[in-house]
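Single-letter residue listing:
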Amino acid sequence: MAAGCATAPLERSGSLASYANLTPSDGLLTKSQVSISKADILAAKTLRIEPAAITVAAATEPFSDKQRSLIKNAINRAMCSTLSERFRIVAPTETADLSVRVVITHMAPTDATAAGVSKVASIVPSIVAPGVPIPVPRLPIGLGSLSAEAEARDRNGNQKAAMIWARGANSFTSPPRVSSDGDAYDLASAFGEDFGKLLVAAESPFGKVSAPPSLDSLKATAETMHGHRRR
């Protein structure tokens, strides 16, 4: 399976208040390091989400300003949906128990041509064997990737949780989208959800069986996919 995955660097941009307490916490497809002050996170009730940012290095990748904005918005939207399951999300101008900020440290574009070929190839089995689902792996060429880091700080600016995250698209679970930002957009939503889960449960979202998605998260996912199709 690893042969059909894009690689993503687990980078440190220097945007976090501290990297001292981060420990490895990898998932099946995700490389991650996390830290959490469990008691402080569980005691928090309100949360403010600051606009996501992109490092200078990540901004040199061949994406348009519109694409970068869409990727940043995908992170904040996914975080908001997940975090609202436990926290009251306040406006950016309001004070809160926790403030959350994300910085994208790496983005690799999708090869739109290869994605288009994969999309066409996935239709062939339904023609050959109507009604019989035959999974067709995506071509392991031109897969996108994304790396990011985020932290939650208390009212005094002290770090209470942090995550460094990296994941590449893969041939088996990443749907091909004929757009250079297709994989980065999907991975941005995945990161936002993972960091949200870290704060909601006050523990790493990796290394355990996932709970069934909530109605709110299903609704947010549907809205995200609809918005991407409209583009």
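Throughout this document, residue positions are counted from 1 along each chain, in the order its sequence is written. It should be noted that, the model being predicted, local features are given only for residues of pLDDT at least 70 and side-chain atom pairs only at 80 or more, the latter also being counted only at that level, while totals for whole chains, interfaces and linings use all residues. As a rule here, side-chain values cover all heavy atoms of the structure and leave hydrogens and water aside.

The way it works is that DSSP assigns letters per residue, a run of H or I at least four long becomes a helix, a run of E at least two long becomes a strand, and they are numbered from the N terminus. A count of helices and strands for the chain gives six helices and eight strands. The helix and strand sequence of the chain, counted from the amino end, reads β-β-α-β-β-α-α-β-β-α-β-β-α-α. Accessibility here uses a 1.4 Å probe with only protein chains present; expressed as a share of the type maximum, an area under 20% marks a residue as buried, one over 50% as exposed, and anything in between as partly exposed. Within the chain, buried positions represent 46% of all 231 residues. By the convention used here, residues are in contact when the closest approach between their heavy atoms is within 4.5 Å. Here the analysis covers contacts within the chain between residues at least 6 apart in sequence; of these, 80% occur between residues at least 24 apart. About 11500 Å² of surface is accessible on the chain, with carbon and sulfur atoms providing 58% of the total. Here the accessible surface of atoms and residues is derived via Shrake-Rupley with a 1.4 Å probe, and residues count as covered only by protein chains that are part of the display.

Here we take up the environment of Leu198. Counting through the fold element by element, Leu198 comes out in helix α5 (residues 182-201). On the accessibility criterion, Leu198 (0% relative accessible area) is buried. Note: C-alpha distance between Leu198 and Met163 (35 residues apart in sequence) is 8.5 Å. The contacts of Leu198, once residues within four sequence positions are left out, are Val34, Ser35, Ile36, Ala161, Ala162, Met163, Glu203, Ser204 and Pro205.

Next up on the list: the packing of aromatic side chains. Aromatic rings from Phe, Tyr and Trp, with only the six-membered ring used for Trp, were paired whenever their centres fell within 6.5 Å, and each pair was classed as stacked if the ring planes differed by under 30 degrees, edge-to-face if by over 60, and tilted otherwise. Considering all chains together, one arrives at two aromatic pairs under this definition. A centroid spacing of 5.3 Å and a plane angle of 65° characterise the contact between Trp165 and Phe191, whose relative ring orientation is edge-to-face. Here Trp165, found in strand β8 (residues 159-168), pairs with Phe191, found in helix α5; they are 26 residues apart in sequence, far enough to count as distant. Of the two residues, Trp165 and Phe191, both sit in the buried class. Centroid distance Phe191 to Phe195: 6.3 Å. Interplanar angle 15°. Geometry classified as stacked. In this pair, Phe191 and Phe195 are both assigned in helix α5, four residues apart and thus about one turn of the helix distant. Neither residue differs from the other here; Phe191 and Phe195 are each classed as buried. Connected via pairs of aromatic rings, a cluster forms that spans Trp165, Phe191 and Phe195.

Most of strand β6 (residues 98-108) sits out of view: ten of its eleven residues are buried. A pair of strands is considered paired only if DSSP assigns at least 2 bridges between the two. Across three bridges, strand β3 (residues 46-49) lies against β6 in parallel orientation. If you follow Ile49 over to β6, its bridge partner there is Val100. Examined bridge by bridge, strand β4 (residues 53-54) and β6 share two bridges and lie parallel to one another. Looking at the pairing, Ala53 lines up with Val103 of β6.

What follows deals with the nonpolar core. The nonpolar side chains of a soluble globular protein tend to be buried with one another. Residue types Ala, Val, Leu, Ile, Met, Phe, Trp, Tyr and Cys, when buried and joined through side-chain atoms within 4.5 Å, form a set referred to as a nonpolar core. Within the largest apolar cluster, 38 residues are counted, with the highest numbers of intra-cluster contacts made by Leu146, Phe191, Phe195 and Leu199. Taken together, the elements giving at least two residues each to this core come down to β3, α3 (65-83), β6, β7 (145-153), β8 and α5. Looking at which element gives the most residues to this core, the answer is α5, with nine residues. Residue contacts for Leu199: discarding those within four places in its chain leaves Ile36, Ile41, Leu47, Leu83, Arg86, Phe87, Val100, Ala152 and Ala161. By size, the runner-up hydrophobic cluster in this structure holds five residues, among which are Leu16, Tyr19, Leu22 and Ala162.

For helices, the fitted line uses only the C-alpha atoms of the stretch in contact; every axis is such a line through C-alpha atoms, and the angle between N-to-C directions lies from 0 to 180 degrees. For the pair α3 and α5, the least separation of the axes is 7 Å and the interaxial angle reads 30°. By the angle class used here, α3 and α5 are roughly parallel. For the element pair α3 and α5, the recorded crossing hand is right-handed. Contacts between α3 and α5 involve Leu70, Ile71, Ala74, Ile75, Arg77, Ala78, Met79, Thr82 and Leu83 from the former and Ala184, Tyr185, Ala188, Ser189, Phe191, Gly192, Glu193, Phe195, Gly196, Lys197, Leu199 and Val200 from the latter. When residues are grouped by polarity, Ala, Val, Leu, Ile, Met, Phe, Trp, Tyr, Cys and Pro land in nonpolar, Asp, Glu, Lys and Arg in charged, and all others, Gly among them, in polar. Here the residues of the contact of α3 with α5 are counted per class, giving 14 nonpolar, four polar and three charged. For classification purposes, angles smaller than 35 degrees are called roughly parallel, those larger than 145 roughly antiparallel, those between 65 and 115 roughly perpendicular, and all remaining angles oblique. A clockwise turn of the near helix away from the far one marks a right-handed crossing, whereas an anticlockwise turn of less than a right angle marks a left-handed crossing.

Our focus in this paragraph is α5. What sets the pattern is the α-helix's 3.6 residues per turn: residues three or four places apart point alike. With 20 residues, α5 ought to run about 28 Å at 1.5 Å a step, and its terminal C-alpha atoms sit 29 Å apart, in line with that. Within α5, 15 of the 20 residues are buried, leaving the element largely enclosed by the surrounding structure. Residue Ala202 follows α5 closely and has a positive phi angle near 60°. Here the expected length of a helix is defined as 1.5 Å per residue gap, with one fewer gap than residues.

Once that is clear, we can look at the side chain of Thr105. Position of Thr105 among the secondary structure elements: in strand β6. Setting aside its immediate chain neighbours within four residues, Thr105 contacts Glu11, Ser13, Thr55, Ala58, Ser147, Ala148 and Glu149.

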